[in-house]
Structures are given as structure tokens and as C-alpha cells.
Amino acid sequence: MEGMTQNNTGPIGLPHRRLGTQGLEVGAIGLGTMGMTMAYGAGDEQGGIATIHRAHELGVTLFDTAELYGMGTGSNEQLLGRAVKGFRDEVVIATKFGFDLSDPGKVGHAMDSRPEHIREVTENSLRHLDTDRIDVLYQHRVDPNVPIEDVAGTVGELIAEGKVRYFGLSEAGPDIIRRAHAVHPVSVLQTEYSVFERAVEVEVLPVVRELGIGFVPYSPLGRGFLTSAVKPAAEYPADDMRSWDDRWQPGNYEKNLAAVRELTALADAKGIAVTQLALAWLLAQGEDIVPIPGTRSPHRLAENVAAAQVTLTPGDLARIREILPRGAAGSRYPEEMMPNW
């Protein structure tokens, strides 16, 4: 069916998808919680908790957090832990290790995936989340100073100890994925992927599919560009990443805005929101894909989840690639932050 069979207030039922071959199964749309405490201006704890509760009501089961999202304080994990207190056993909590957060001046740039640090972060995350196990433990970014075999082996030990259920990687390239998977099965890879960002299509997606690894796209809505609230970089406060994101800078911004307008026209013709079009496009790329759009709004959350009910025709998919044949104008990260595949 084209479009949806009901309004954007909620889905008829959120289908489940399998991620990897180790038994991980989650709702087809997840929820990223990063923006509830960082990167998009001041946080709103009560709004975040309300959004998480609404997600659970709508059938969302995958909730994504990380040590980094609390800048070392644990605030994001603590928020998620408090929010799911009444239904912890009904959801899948994913968190991440891999950064050295000891120096505030280097947060987000210094890596640390030494086995002893992985264990330290895991114990902190268990405490912050107030839980007895982490469902998915990701290496947040590849550490060039620690062999991936050591990382996979350490997470494998944590799984054997019952502290972790599934092993994930984030922003890893084909060689790292293969080497990690050879030591301990990787259930899921998380990397940016959207109508705006296509780099994974060339080498990464073929490898994870060959190995039977699920794929979780983060920033599936172009970090908010694929919404109606977009504005030029200069109009965002300094603590909002869109103030420095290359896609919002003069020249790129105008090109991307024109593309979003064309996508919006296509969405309007189908009676859906452009955000739903973008999420439905991702879901149509394979049954092994579960995007994790982030939002602080229960209304936006319901709209996102309802995208699982959208069916795109071959003509729709062709039109989307015609509008954005190579993705957005502008790099997704500054050069010094770009993952090295």
C-alpha cells in the first residue's frame, strides 16, 4: 500500500526485525537518545523520559545510548535507565565504549579500547543504567592503538560472564569487521546511513550481509536536516552541532534544502511526512536494517515509528535516488573526526 492506513499518531503495529544471527530481535524502528543530553542544545530530562515512555507504548524495543553521551558523567545512560525502570525486561538497551573521557579538552577525539578500560566502562554503564546486563555493547569508534582482536575477545568474555548479550561495532570498516567477527560473532554494526549519507553502500553493507551482521543506521534523518525545522548554521547556538556541520554551511545548505523540498513534494503526494519517507527508504534497503532516529518529542517519535507502515513503490525509490544520487552536499564530519575505514 502507498502511504499509511491511519494518521501519524501511531503505528498499527511495529514489526520486528532480526539483527545478526545470534538471536537479537528488535522493533523495526529504534530510538537514539544522544540528543536528550548533548549535541542539540540543552537537555530536557522530563521530555526525554516522556519520549522513551511513548516509544515503549508504540512498540519500540531498541534504545541506544553511550558513555560519551553523558560526557563521562553517565547522565544519558542514567536517564535511559530511569525511564525504562518499569519495563526493563521488555526492551533492548545498547550502549558503547571506546573513548578516553579523562581530559575534557579531548572529549570525542581520544580513543581507549584497552581491555581493562572496556571492563571499567562496562561496569560504569551497568551502574548508570541500573541493570544487570547490557543487551548490545558497541565499540563506539575503532581504536588504532588496540588490536580489534583484543576488543572482540574482551567483549566475548563479558558475554560469557552474562554482563553483555551481544557484540556490536560502530563506524568500522570491512577489514576491522572481518577480524572482529573471526574472534567473536558481531551481531550488529552501527554507522551513519540515510538518503543524505550513502558511503556504507559501497563496501560496508556487502560485508555485513556476507557475515550475517545486522545494520543500525544512526542519524537516519540527516541530523535533523530531513525535518521541517531546518535553518542555516549561523542560526544555531554554539552547543548545537548543526552550527558547525558542513551540510548546514553556506553553499551546501542551499543545495540540501532544495533536495529536501523535492523529497517533501514526493512525501506530500503520498500523504506522509518527509521524515517518514526517509525512514521508509532506509527500511526498504533490507530486512536487516533498523534505524534509530533521535527525538525529544513524543509527537515526532510517533511520526517516526509510523514510518514502518509506509510502503514505497519502485518508482518512489527511483525518484529518491534521482533527487539525491550521491547523498547530501557537504561532509558528515570535519576531517579530524571522520572515521577511517
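Residues numbered from 1 in each chain as written. Predicted model: local features only at pLDDT ≥ 70, side-chain atom pairs only at ≥ 80, totals over all residues. Heavy atoms only, no water.

- In the nomenclature of an unreviewed UniProt entry, the protein chain corresponds to Oxidoreductase from the organism Streptomyces bingchenggensis.

Details of the packing of aromatic side chains
For step 1, the next point in the chain: Across all of its chains, the model carries 4 aromatic pairs by this definition.
For step 2, the next point in the chain: Seen from their ring centres, Tyr193 and Phe215 are 5.9 Å apart, and the 85° between their planes marks the pair as edge-to-face. On the criterion of sequence distance, the pair formed by Tyr193 in the loop between strand S8 (188-192) and helix H6 (204-211) and Phe215 in strand S9 (residues 214-218) is long-range, its members being 22 residues apart. Note on accessibility: Tyr193 and Phe215 belong to one class, buried.
For step 3, the next point in the chain: Between the aromatic rings of Tyr193 and Trp281, the centroid separation amounts to 5.6 Å while the plane-to-plane angle is 65°, which identifies the pairing as edge-to-face. Highlighted residues: Tyr193 in the loop between S8 and H6 and Trp281 in helix H8 (residues 274-283), separated in sequence by 88 residues.
For step 4, the next point in the chain: Residue classification places Trp281 among the buried positions, given a relative accessible area of 0%.
For step 5, the next point in the chain: Put simply, the rings of Tyr193, Phe215 and Trp281 touch in pairs and so form one group of aromatic residues. (Phe/Tyr/Trp six-rings, centres within 6.5 Å; stacked < 30°, edge-to-face > 60°. Helix = DSSP H or I, 4+ residues; strand = E, 2+ residues; numbered from the N terminus. Buried < 20%, exposed > 50% of the residue type's maximum accessible area, 1.4 Å probe, protein only.)

Observations regarding the pairing of strand S6 (residues 134-139)
For step 1, the next point in the chain: Burial analysis of S6 places 6 of its 6 residues in the buried class, which makes it a mostly covered element.
For step 2, the next point in the chain: Pairing geometry for strand S5 (residues 92-97) and S6, over 4 bridges, is parallel. Residue Lys96 lies in a different strand from S6, and its bridge partner there is Tyr138. (Pairing = 2+ DSSP bridges.)

Notes on the sheet that holds strand S4 (residues 62-64)
For step 1, the next point in the chain: The parallel open sheet is built from 7 strands, whose spatial order is S3-S4-S5-S6-S7-S8-S9. Each edge of the sheet is formed by a strand with only one pairing partner; in this case those strands are strand S3 (31-32) and S9.
For step 2, the next point in the chain: Here S6 pairs with strand S7 (residues 164-170) via 5 bridges, running parallel. Along S7, the bridge assignment pairs Val136 with Tyr166.

Focus on the side chain of Thr122
For step 1, the next point in the chain: Its place among the elements puts Thr122 in helix H3 (residues 115-129).
For step 2, the next point in the chain: Residue class for Thr122 comes out buried when judged on its relative accessible area of 1%.
For step 3, the next point in the chain: Within polar-contact distance, the side chain of Thr122 engages the backbone oxygen of Ile118 at 2.8 Å.
For step 4, the next point in the chain: In contact with Thr122, other than residues within four places in its own chain, are Ile134, Leu137, Leu158 and Val164. (Polar contact = N/O pair within 3.5 Å; in protein donor to acceptor, adjacent residues only side chain to side chain. Contact = heavy atoms within 4.5 Å.)

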